[in-house]
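Tertiary structure, described
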Amino acid sequence: MDKLIIKGGTRLKGEVTISGAKNAAVALIPATLLINGICTITNIPNISDVKIFCKILEELGAIITWNNENEITFDTRNISCTNTPLDMTSKFRASYYLIGSLLGRCKEAMVGLPGGCNLGPRPIDQHIKGFEALGAKVEVTQGKIIASAKNLVGTSIYMDMVSVGATINIMLASVLAKGTTIIENAAKEPHIVDVANFLNTMGADIRGAGTDVIKINGVKKLHGNATYSVVPDQIEAGTFMLAAVATKGDLVIKSCIPEHLDCLTAKILEMGANVEAEGDSIHVWTTKRPNKANIKTQPYPGFPTDLQPQMGVCLAIANGTSIMKEEIWESRFQYTAELNKMGANITNQGKSAIFEGVKELYGAPVEATDLRAGAALIIAGIVAKGETTLTNLVHIDRGYENIEEKFRKIGANIQRVAEEIE
Ligand code: EPZ
């Protein structure tokens with residue numbers, strides 16, 4: 001198992017280029033199963049979730065050609081539909097997209113219950129509600145989800161709560177259904193728009209993605225024969241914006257879409273740092289300790305839960321007392337115990353955490369409790385005085401491409417070493 005060794009006390013300075021969005025890529029790859037043809041996707045982040053998904057698709061009969069580490073051609077003309085490798089699908093959350101795409105393509109699917117970061121219960125009742133509304137029979141038994149339908153017929157579906165995964169999954173299951181499907185109270189994240197744009201490029205007819213009402217007119221076939229580029233990762237961009245704030249740095253974050261980060265930009269300005277959007281780049285710089293702030297995570301366009309831990313590092317060293325409320329996941333404050341080992345003063349209270357800002361953090365051995373917590377602890381290690389060792393990198397490698405190289409290029413003293421086997 002690898003670990004990261006970070007020698008702190010660095011101000012990050014320079015330019016960092018953002019990769020394609022993980023949460024778009026892990027939906028686009030299973031979405032290729034809807035295509036009876038060949039397509040190419042570029043700007044794919046080179047992360048372990050993508051590699052696992054490609055292996056699953058090969059098990060299903062897809063022919064996968066890596067043109068380079070960020071571009072893949074998918075030939076999904078001949079696929080089987082019910083022998084997804086159950087052990088692999090339980091490794092990560094996004095495997096649930098296999099149900100929507102296999103149901104849409106073959107009217108049947110059998111997928112292992114999804115795994116993913118330990119953020120508390122991760123139900124899929126809204127996904128099942130959508131599939132059943134379209135006419136599918138869905139059974140959850142012995143750690144598997146089995147879905148089948150004689151026909152999938154478009155209908156109106158009102159989501160009980162805003163769900164990224166369920167919105168995308170219902171879109172996948174309905175693009176080849178008979179008639180029109182309307183998803184109301186839909187999630188509006190940029191990666192949902194990306195999946196709709198991808199499917200439309202391949203021959204689907206989806207309107208309204210990015211609003212809370214998405215209309216899908218079923219079509220006979222997705223032709224493929226096109227190339228699609230994954231949207232820049234709004235969460236990776238936000239991670240580096242917050243790294244600039246925490247380290248009193250000066251960063252230009254390139255190849256991103258600034259308007260996807262409007263909520264974070266507003267908060268960073270409120271905390272006393274400077275932000276300027278310049279085309280497909282965002283410039284963030286400050287020489288001051290951040291001011292305190294109160295945060296509540298919300299579905300897009302509110303403050304993203306996936307930037308909550310990274311913001312937590314800024315609040316931990318802010319001037320004053322801040323309160324952060326996590327409205328999406330039950331247990332996304334596990335990282336605060338790790339930050340407290342580094343000298344932070346954070347108290348968890350139910351869905352909230354209270355951050356008493358401290359002047360400085362000091363290096364300590366800490367572990368990544370989930371993907372975004374891992375990124376947050378890298379930032380904390382760069383801020384802290386002394387040396388930090390970060391373990392459990394498997395979480396980070398799932399969602400960030402070459403993260404230590406990107407941080408090293410902007411001044412961090414960070415090395416990945418193999419952890420001695422005790
Ligand atoms: C996606 O998870 C992301 N993962 C998560 O990112 C992200 O935190 C989340 O959306 C919110 O933005 C991927 O895209 C692979 P939800 P998802 O369905 O789709 C409840 C990261 O760090 N809910 O929007 O699983 C659920 O419990 C990861 O990149 C139900 O109750 O999230 C949660 O409280 C972590 N029933 C809320 O809705 C359902 O059927 C939002 O979940 C579905 C969800």
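Focus: the environment of Asn68
- Along the chain, the position of Asn68 falls in strand S4 (residues 63-68).
- Remark: the alpha-carbon pair of Asn68 and Asn43, spanning 25 residues in sequence, is separated by 10.0 Å.
- In this structure the side chain of Asn68 is engaged in a polar contact, spanning 2.6 Å, whose partner is the backbone nitrogen of Asn70.
- From its side chain, Asn68 meets the backbone nitrogen of Glu71 in a polar contact 2.9 Å long.

A word on the side chain of Ser281
- Topologically, Ser281 is positioned in strand S16 (residues 281-285).
- When its relative accessible area of 7% is taken as the criterion, Ser281 is described as buried.

Looking at the environment of Thr181
- Tracing the chain through its elements places Thr181 in strand S10 (residues 180-184).
- For the pair Thr181 and Val153, spaced 28 residues apart in sequence, the C-alpha to C-alpha distance is 8.0 Å.
- The residues touching Thr181, leaving out its near neighbours within four places in the chain, are Leu134, Gly154, Thr155, Ile157, Ile170, Ser174, Ile214, Lys215 and Ile216.

Digging into the packing of helix H4 (residues 97-106) against helix H6 (residues 164-174)
- Axis separation between H4 and H6 bottoms out at 7 Å; the angle between their running directions is 15 degrees. Classified by the angle their axes make, H4 and H6 are roughly parallel. Seen from above, H4 lies across H6 with right-handed handedness. Only Val164, Gly165, Ile168, Asn169, Leu172 and Ala173 of H6 make contact with H4, whose side of the interface consists of Tyr97, Ile99, Gly100, Ser101 and Gly104.
- Of the residues in the contact of H4 with H6, the class split is six nonpolar, five polar and no charged.

So, how was this worked out
- Each chain has its residues counted from 1, following the order in which its sequence is written.
- Reporting of local features is limited, given that this is a predicted model, to residues whose pLDDT is at least 70; pairs of side-chain atoms are given and counted only at 80 or more, and all residues count toward the totals for whole chains, interfaces and linings.
- Excluded from the side-chain calculation are hydrogens and water; included are all heavy atoms of the structure.
- A run of H or I in DSSP becomes a helix once it reaches four residues, and a run of E becomes a strand once it reaches two; helices and strands are each numbered from the N terminus.
- As used in this structure description, the phrase polar contact means that two N or O atoms lie within 3.5 Å; if the pair is within protein, one of them must be able to donate a hydrogen and the other to accept it, and residues adjacent in sequence are counted only when both atoms belong to side chains.
- Working definition: with a 1.4 Å probe on protein chains only, accessible area under 20% of the residue-type maximum means buried, over 50% means exposed, and in between means partly exposed.
- Every residue pair with non-hydrogen atoms within 4.5 Å of one another is taken to be in contact.
- A fitted line through C-alpha atoms represents every axis, and for helices the fit uses only the stretch in contact; the resulting angles, taken between N-to-C directions, go from 0 to 180 degrees.
- Note on terminology: angles under 35 degrees are roughly parallel, angles over 145 are roughly antiparallel, angles of 65 to 115 are roughly perpendicular, and the others are oblique.
- By the definition used in this description, the sense in which the near helix is turned from the far one sets the handedness, with an anticlockwise turn below a right angle giving left-handed and a clockwise turn giving right-handed.
- Ten residue types, Ala, Val, Leu, Ile, Met, Phe, Trp, Tyr, Cys and Pro, are classed as nonpolar, four, Asp, Glu, Lys and Arg, as charged, and the remainder, Gly among them, as polar.

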